[in-house]
Amino acid sequence: MAEAADFQGTSPSPARRWLRRTGAVLAGTPLLTGLLQLPAASPAEAAAPAAPRAASDDGSVAVSVDSLTPGAPAEGDTVTVSGTVTNKGKKTVTDASVGLRVGSLLDTRSSIDTVAKNSDDIGSPVGAEIDDKYTEKFSKLTPGVSQPYTISVPADELDLGQDGVYDLSVTLTGETSDQPWEQTLGVRHTFLPWQPDEADAKTKTTFMWPLISTVHMTAETGSDEEQTPVFHDDELAEEISPGGRLDRMVTLGKDLDVTWVIDPDLLASVEAMTTRYEIPGENADDKNAVGGHQAVAKRWLTEVQKAVADKEVVALPFGDPDLASLAHHGTSVTGSLRHLKEATDVAAGTVESILHVTASTDFAWPVEGAVDPSIIKVSTSAGADKVITRGDTFEGGRDLTYTPTAPRPIGGGTTAVVADARLSTVFDGDMTRASASTQAVQRFLAQSLTLALQTDRPRSVVIAPQRTPSAAQAQTMAEAIGALQDSTWSQPQDLTAAAKSKPDPDAGTEVPPASAYPKSLRKQELPRSAFEQIARTQDKLDRFKVILSNPSRVVTPFGRALNRGMAASWRGRPAEAAIYRSGVETYLDTLSSQVRLIEKSDTKLSGRSATIPVTVQNNLVQGVEHLVLRLTSTNPTRLEIDGNAYEEQPIAVSGGHSQSVKFTTNANANGRATVVAQLYTQDGRPYGQPVTFDVKVTEITATVMLVIGGGVLLLVLAGFRMYTQRKRAAARQAEEREQENAADAADADAGDAKNPEASERRPTQESAPDTREDAPEQPSDPAPDTAPESADPSGTGERVDR
C-alpha cells in the first residue's frame, strides 16, 4: 500500500522498495514493543472486525439518514434506516457498502451535543459494524450522483446493553482508483435511545404548542355598519389555508398531548376574515384578494375549536407584546404598562368568545425565555404570576449533576417555569430536508431519555419551542412528540400542573442580572421611540373618543392596533414596525380631522352690534357631541363677543352634517379686530386647528343718524295726514248718502198720498225684498257686508277693498 501511495503513475525500483521496507520495520519495532505491554482485548472487541481506516480526502461521500423507525425501539422491533449516499468527490467509488455501526453509550447530555455537532466527521470514532448481511452494496458510485439505501435489522441483532442512548452510525466504505483499498468515505452519526422496559418514575413532560402569527390587521375599518376590517396583506390567508403553516399546526397538534399557547390577536384576525375584509391597493373586483377567504377562515376556526376542546389553553396578552422591550425601553414612557394590562384583560374573553374554552392568563412568556429582574417585574405587572424562562438564561443551581424540575419560586409569589434549553431549541433551523428532521427527532429523544436517567427524583420538564414554527418544523415537532408519548420513560403533563409541581430545593432561584441578558436579543428590541409614538397616539385617541356619540367604533380597533404595535413579532423587522405604528397614528389623525371648523374670510361689521356665524363640519359617519365652540376677540376693547372677550356655545353635529353657530358681537370703536374660533372638549382641551379671521368695524356717525331719523319722521307725518284725509272723505260720503236717502223717502211718501192702491201693492223694504237676480237695484237698498263670490276674474282696473 505504501508503494501504491508513493507516486502516481511511477514504478518504484527494487532498491528503493528494500530501503523503504527496512525503514518501516525499524520504525515499527518500538511501537510493537509498546503494544505487547498493553492488556489483552476483551473477547467482544477481539471478535469484532476492525473498522476500515478513513480516506485521506475526508468525507468524499455524503451520507444522509432520512428515516429511522422506530425512533426508540423496544425488544422485538425491527430498526429500519433509510437515506441516500452521494459521491461528492471527483473519483468514482467502487465496491461501495453501506452498513450500520453501534458505538459507545452516550451517558451525558453534553456528549450528545458533541456527536450532533460532528455528525458527518469521518474522523469520529465509530463502533463495530453489524453483521455483513445487514448492509447494502453498490458496485460503483458516480461523482455527483445520489443512491438511496434502506437497511433493516432486528433490535436484538444490535447487541444493545444497558438502558441509554447509543451512537448509531451509518458508514459507507469503498475504494477509489487512486486509493484502491477499503476505506471509510462517508459517515452519518445519529442516536438510538434504548429503554425497552417501563421506567419506575417517568418524567412528566410538558410541550407548549404555540399558535402565534405576525401582525396582519390595521387600525382602519370601513365606514359601513359592520366596520369592514382592513388587512395590510393577505399572508394570513396563506397560513390558514390547507397546507399552510397555521393549518399544519392545528392538524398536527389536535392528536398530541400538548398545551396550546395562543395569541388572541390571531383568533381575532381570522374571525375578522370570516366576513368581508379589505386590503388597500388590491383590486376590489378580485374576490380572491379582497374578502375571498371567508370559507377558509371559518374552516380553520372550526378545526381549532375541535383541537382544543379537551386540551389546556394558555392565552398570551393580546398581540403577544414584547415584554423585554417593554421592560428595557417602555416603562419610562407614561402609559406603556397600561397597554399591557389592557392586552391581558381582553385575552381570556377573546379566546372564550371564539373557541368556547376557558383560557389561563397566568403565564407570561418573554422572547426565548430570557429574563432579568426588570422583565420579571413587567411580566407580572398585568396579573401573571408564572413566567416561562429557559434554562440557558437562568441559574441552574448549586453544581447539580442533573437537570432540575421546571418550577422555581423566585419571590413575591412568582414562579419561574424554566423550560429545558436543549429540548426547546432542537427544532430550530431548516427542517425541510428529511435528514435534518430525522436527526432532530432522534436528538430530541436522546436528550429526553438521558435526562430521565440522570436521577430517580420526580421531575417536571417543560419544552418551549420557537414562537412561530414553520410547517416543516411543526411536522418534525409532531413526530418527536408522538414518539415521546409512546416511550417508556415519559408521560405528558399540562403546563399548569407543571408549574404547580414541587420545586427542587437544590435548584437555583436567582434571577439573572440585567448584564446577563443576551446582547443578540437586546439588539432586536423595540426602541424607546416606539413606545413614545404609541403613547402619543393613545393621547390623541383619548381626546378624540370623548366627542363621539359611539366611541366603541373607534376605541376598540385602535386599542387593539396599539397592542399590535408592541408585538414580539416585530423583532428583527424595525422598518416594518415603524411603518405600522406610523400608519396607525396617521389614520387616527385623518379621522380626527373630519371634525373641523370651516375657514372664514374677513368680515365687515357696519354698526355697533351684529351676529357672526361660525360653521362646524362633521364628515364622520357618527355624530359628535360634548364639544364647545369658543369665539374669542383678540381686541375686546374694540370688539366684544356678547359683552365679553369670548363666548362659548356647546356643539352637537350629526354624522355627515354641518352646523352654524351665531355669536353676538358689539363694536366699541372703528377699526380691525382679529377673532379666533376654536373647538374644545368638555375638559377644556383644544380640539383641532383654530380658525382665525379679521372683523373690520365701521361705526355709524351722528349726522347720518339725524338724517335717517328725520326721514323716518317725515314718513310718519305723511302717513298720518293721508289717514286723516281719508277719514274726512268717508264722513262726507256717508252724510251725502243719508241726505239722498231722506229725499227719496219724502218723494215716495208724496206719491203714496196721491195713489193709495199702489202703496198697498208695493211691499216694504223690511217685509218683502225682491230676491230676483234680475231685479233692478234700488237706490235705497243697503250695501251688503260681504260681496257675492264670483269665479270670474276681476275686470281691468277693478278695485278690491281688503
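S.K.: Before we move on, could you go through the overall build of the protein chain and cite the residues and values that matter?
M.R.: Counting its regular elements, the protein chain contains 20 helices and 28 strands. Counting all 802 residues of the protein chain, 44% fall into the buried class. Excluding contacts between residues fewer than 6 apart, the proportion of contacts in the protein chain whose partners are at least 24 apart in sequence is 77%. Of the roughly 41,500 Å² of accessible surface on the protein chain, a fraction of 51% belongs to carbon and sulfur atoms.

S.K.: Before we move on, could you go through the nonpolar core and cite the residues and values that matter?
M.R.: If you look at the biggest cluster of nonpolar residues, it comprises 74 residues, and the most contacted ones within it are Phe544, Phe558 and Leu629. Beyond its immediate stretch of four places on either side in the chain, phenylalanine 544 contacts Val554, Leu588, Leu591, Ser592, Leu620 and Tyr687. In this structure, Ile240, Leu266, Met273 and Val308 belong to the second largest nonpolar core, which totals 65 residues.

S.K.: Please provide a residue-by-residue account of a nonpolar patch on the surface, values included.
M.R.: On the surface, Leu713, Leu714 and Leu717 cluster together into a nonpolar patch covering about 320 Å² of accessible area. For leucine 717, the location among the structural elements is in helix 19 (residues 702-754). Overall, the relative accessible area of 48% leaves leucine 717 in the partly exposed class.

S.K.: Any details on helix 12 (residues 434-452)? Residues and values, ideally.
M.R.: In a regular helix each residue adds 1.5 Å, so 19 residues correspond to 27 Å; helix 12 covers 27 Å between its end C-alpha atoms and thus fits that length. Of all 19 residues that make up helix 12, 17 are buried, and the element is covered over most of its length.

S.K.: Summarise the environment of isoleucine 262; cite the residues concerned and give the values.
M.R.: Summarising the element assignment, isoleucine 262 is placed in strand 12 (residues 259-262). The exposure class of isoleucine 262 is buried, given its relative accessible area of 0%. Considered as a pair, isoleucine 262 and methionine 208 are 54 residues apart in the sequence and their alpha carbons are 9.9 Å apart. When sequence neighbours within four positions are dropped, the list of residues in contact with isoleucine 262 reads Leu211, Leu267, Val313, Val314, Ala315, Leu316 and Leu355.

S.K.: Lay out the packing of helix 9 (residues 336-355) against helix 17 (residues 552-564) in plain terms, naming residues and giving numbers.
M.R.: Close contact between helix 9 and helix 17 brings their axes to 10 Å; oriented N to C, the two are set at 110°. As far as their axial angle goes, helix 17 and helix 9 are roughly perpendicular. Relative to helix 17, the crossing made by helix 9 is left-handed. Where helix 9 approaches helix 17, its residues His339, Glu342, Ala343 and Val346 are matched on the opposing element by Arg560, Leu562 and Asn563. Partitioning the contact of helix 9 with helix 17 into residue classes produces three nonpolar, two polar and two charged.

S.K.: Describe in detail the packing of aromatic side chains, supporting the description with residues and values.
M.R.: In the structure shown here, the tally under the stated rule is seven aromatic pairs. The interplanar angle of 65° and the centroid separation of 6.4 Å between the aromatic rings of phenylalanine 207 and phenylalanine 444 together place this pair among those described as edge-to-face. Here phenylalanine 207 is found in strand 9 (residues 203-211), whereas its partner phenylalanine 444 is found in helix 12, with 237 residues between them in sequence. Summarising the burial analysis for this pair, phenylalanine 207 and phenylalanine 444 share the class buried. Directly above the aromatic system of tyrosine 680 lies the positively charged group of arginine 630, at a separation of 4.4 Å from the ring centroid.

S.K.: Describe helix 6 (residues 264-273), and please don't skip the residues or the numbers.
M.R.: With nine of ten residues buried, helix 6 is to be regarded as a mostly interior element. Regarding helix 6, the residues found buried are Pro264, Asp265, Leu266, Leu267, Ala268, Ser269, Val270, Ala272 and Met273.

S.K.: Can you break down a negative patch on the surface residue by residue, with the values?
M.R.: Residues Glu75, Asp131, Asp156, Glu157, Asp159, Asp163 and Asp197 make up a contiguous surface patch of negative charge. On the basis of relative accessible area, aspartate 159 is assigned to the exposed category, the value being 68%.

S.K.: Just give me the short version of the sheet that holds strand 21 (residues 603-606), but keep the residues and values in it.
M.R.: One open sheet holds the five strands; their spatial order is 21-28-27-23-25, and the pairing between them is mixed. The open sheet is flanked by strand 21 and strand 25 (646-653), the only strands paired with a single partner. Put simply, the sheet's adjacent strands are angled 30° from each other on average, direction ignored.

S.K.: Kindly report on the sheet that holds strand 15 (residues 386-390), identifying the contributing residues and their values.
M.R.: Across the sheet, four strands lie side by side as 14-15-17-16; this open sheet has mixed pairing. Here the strands that pair on one side only, and so sit at the sheet edges, are strand 14 (363-364) and strand 16 (407-411).

S.K.: Just give me the short version of the packing of helix 8 (residues 323-330) against helix 10 (residues 373-381), but keep the residues and values in it.
M.R.: Put simply, helix 8 and helix 10 touch, their axes get as near as 8 Å, and they point 110° apart. Looking at the two axes, helix 8 sits roughly perpendicular to helix 10. Of the two possible hands of crossing, helix 8 and helix 10 adopt the one that is right-handed. In contact with Leu323, Ala324, Leu326, Ala327 and His328 of helix 8, helix 10 contributes Ser374, Ile375, Val378 and Ser379. Residue composition of the contact of helix 8 with helix 10, grouped by class: six nonpolar, three polar and no charged.

S.K.: I'd like a description of the side chain of aspartate 504, backed by residues and values.
M.R.: Position of aspartate 504 relative to the elements: it lies in the loop between helix 14 (495-500) and helix 15 (519-522). Here aspartate 504 falls in the buried class, since its relative accessible area comes to 10%. Within the structure, aspartate 504 has its side chain in polar contact with the side chain of arginine 457 (distance 3.1 Å). Polar contacts involving the side chain of aspartate 504 include one to the main-chain amide nitrogen of aspartate 506, which spans 2.9 Å. For aspartate 504, the residues in contact, after removing those within four places along its chain, are Tyr402, Pro404, Thr405 and Arg457.

S.K.: Please set out the pattern of salt bridges residue by residue, giving values where relevant.
M.R.: Enumeration according to the criterion identifies 32 salt bridges in this entry. When the shortest N-O distance is used, the salt bridge between arginine 245 and glutamate 239 registers 2.8 Å. Look at arginine 245 and you get buried, because its relative accessible area is 13%. Between aspartate 539 and arginine 685 there is a salt bridge; the shortest N-O distance is 3.0 Å. One end of the pair, aspartate 539, is in helix 16 (residues 528-545); the other, arginine 685, is in the loop between strand 27 (671-681) and strand 28 (686-698), and 146 residues separate them in sequence. Its relative accessible area of 29% is what places arginine 685 among the partly exposed residues.

S.K.: Give me the environment of alanine 343: which residues, what numbers.
M.R.: Tracing the sequence through the fold places alanine 343 in helix 9. For alanine 343, a relative accessible area of 1% corresponds to the buried category. Residues alanine 343 and proline 321, 22 residues apart in the sequence, show an inter-C-alpha distance of 8.2 Å. Those residues in contact with alanine 343, other than ones at most four positions away along the chain, are Pro317, Phe318 and Asn563.

S.K.: Summarise the confidence of the model for the protein chain; cite the residues concerned and give the values.
M.R.: Low-pLDDT stretches of the model should not have their predicted coordinates read in fine detail. Mean pLDDT for the protein chain: 84, with 82% of residues reaching 70 or above. Residue range residues 1-51 is modelled with pLDDT below 50. Its contacts to residues more than four positions away, or to other chains, number 16 contacts. Of the regions scoring below 50 in pLDDT, residues 53-57 engages in 16 contacts with residues more than four places distant in sequence or in other chains.

S.K.: I'd like a description of the pairing of strand 9, backed by residues and values.
M.R.: For strand 9, the tally of buried residues reaches eight of nine residues, placing the bulk of the element in the interior. Taken together, the four bridges between strand 9 and strand 18 (residues 460-463) define a ladder with parallel strand orientation. What sits directly across from lysine 204, in strand 18, is serine 460. Looking at chain direction, strand 9 and strand 12 are connected through four bridges and run parallel. Paired with leucine 211 across the strands is isoleucine 262, a residue of strand 12.

S.K.: Break down the pairing of strand 28 for me, with residues and values.
M.R.: Pairing between strand 21 and strand 28: four bridges, direction parallel. Its bridge partner lying in strand 28, threonine 603 is registered against valine 695. Summarising the sheet, strand 27 and strand 28 pair through nine bridges and their orientation is antiparallel. The residue of strand 28 that forms the bridge with valine 676 is threonine 692. With antiparallel pairing between neighbouring strands as the criterion, strand 27 and strand 28 make up a hairpin whose turn holds four residues, including glycine 684 at a positive phi of roughly 90°.

Calculation criteria
- Residues numbered from 1 in each chain as written.
- Predicted model: local features only at pLDDT ≥ 70, side-chain atom pairs only at ≥ 80, totals over all residues.
- Heavy atoms only, no water.
- Helix = DSSP H or I, 4+ residues; strand = E, 2+ residues; numbered from the N terminus.
- Buried < 20%, exposed > 50% of the residue type's maximum accessible area, 1.4 Å probe, protein only.
- Contact = heavy atoms within 4.5 Å.
- Areas by Shrake-Rupley, 256 points an atom, 1.4 Å probe, with all protein chains shown as cover.
- Core = buried A, V, L, I, M, F, W, Y, C linked by side-chain atoms within 4.5 Å.
- Patch = residues over 30% accessible without salt bridge, like charges linked within 9 Å, V, L, I, M, F, W, Y side chains within 5 Å.
- Salt bridge = Lys/Arg side-chain N within 4 Å of Asp/Glu carboxyl O.
- Expected span 1.5 Å × (residues − 1).
- Axes fitted to C-alpha atoms, helices over the stretch in contact; angles between N-to-C directions.
- Parallel < 35°, antiparallel > 145°, perpendicular 65-115°, else oblique.
- Left-handed = near helix turned anticlockwise from the far one by under 90°.
- Nonpolar A, V, L, I, M, F, W, Y, C, P; charged D, E, K, R; others polar.
- Phe/Tyr/Trp six-rings, centres within 6.5 Å; stacked < 30°, edge-to-face > 60°.
- Lys NZ or Arg CZ within 6 Å of the ring centre and 35° of its normal.
- Lys, Arg positive; Asp, Glu negative; His and termini not counted.
- Charge placed at Lys NZ, Arg CZ, Asp CG, Glu CD.
- Pairing = 2+ DSSP bridges.
- Polar contact = N/O pair within 3.5 Å; in protein donor to acceptor, adjacent residues only side chain to side chain.
- pLDDT = per-residue confidence, 0-100.

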